[in-house]
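Below are the chains, spelled out letter by letter.
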Amino acid sequence: MDPVDADGTAAPIVRVAVACSPSAGRAFEMTLALPVPATALDAIRASGLFERHPELGLGEPLIGIWGRACAPDTVLADGDRVEVYRPLTMDPNEARRLRARNARAAARR
């Protein structure tokens, strides 16, 4: 149901999605309708993401819109996809080296 102004008319809304991968192999995505103007942080809070995954709410969240980093106070446009990024546990280059090393070791067996 769309939000309604005090005079009973439909309030302008923005439809957005909030997406995250709280851990490897798991995904969260929710579509929301928010009153205009809505920020990226408003969308994240409305999604309940931090309640479902409190570890993501520690410190300032790393967020983006369609893969581009943004500030929490960025105003959203209709159709935006707000993404919450979890901190890296390992340098991506080091992870690739480790996978290659393990693949070579497995091939020798």
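Residues numbered from 1 in each chain as written. Predicted model: local features only at pLDDT ≥ 70, side-chain atom pairs only at ≥ 80, totals over all residues. Heavy atoms only, no water.

### Quick look at the overall build of the protein
In terms of helices and strands, the protein carries 3 helices and 5 strands. Listed by position from the N terminus, the elements making up the protein come as β-β-α-α-β-β-β-α. Across the 109 residues of the protein, 32% fall into the buried class. Long-range contacts, defined as pairs at least 24 residues apart, comprise 42% of the intrachain contacts of the protein with a sequence gap of at least 6. About 7300 Å² of surface is accessible on the protein, with carbon and sulfur atoms providing 55% of the total. (Helix = DSSP H or I, 4+ residues; strand = E, 2+ residues; numbered from the N terminus. Buried < 20%, exposed > 50% of the residue type's maximum accessible area, 1.4 Å probe, protein only. Contact = heavy atoms within 4.5 Å. Areas by Shrake-Rupley, 256 points an atom, 1.4 Å probe, with all protein chains shown as cover.)

### Looking at the environment of Ala17
With respect to the helices and strands, the residue Ala17 is situated in strand S1 (residues 13–20). Note on Ala17: relative accessible area 11%, which makes it buried. Here the alpha-carbon distance between Ala17 and Ser47, two residues 30 residues apart in the chain, equals 8.9 Å.

### Things to note about the pattern of salt bridges
Where charged atoms from two side chains of opposite charge come close, those side chains can pair. Counted by the stated rule, this structure contains 4 salt bridges. Among the ionic pairs, Arg97 bridges to Glu94, the shortest N-O distance being 3.1 Å. You can see Arg97 and its partner Glu94 sitting in helix H3 (residues 92–108), 3 residues apart, about one turn around the helix. The class of Glu94 is partly exposed, set by a relative accessible area of 31%. Ionic contacts of the salt-bridge type, sharing partners, join the residues Glu29, Arg81 and Glu83 into one network. (Salt bridge = Lys/Arg side-chain N within 4 Å of Asp/Glu carboxyl O.)

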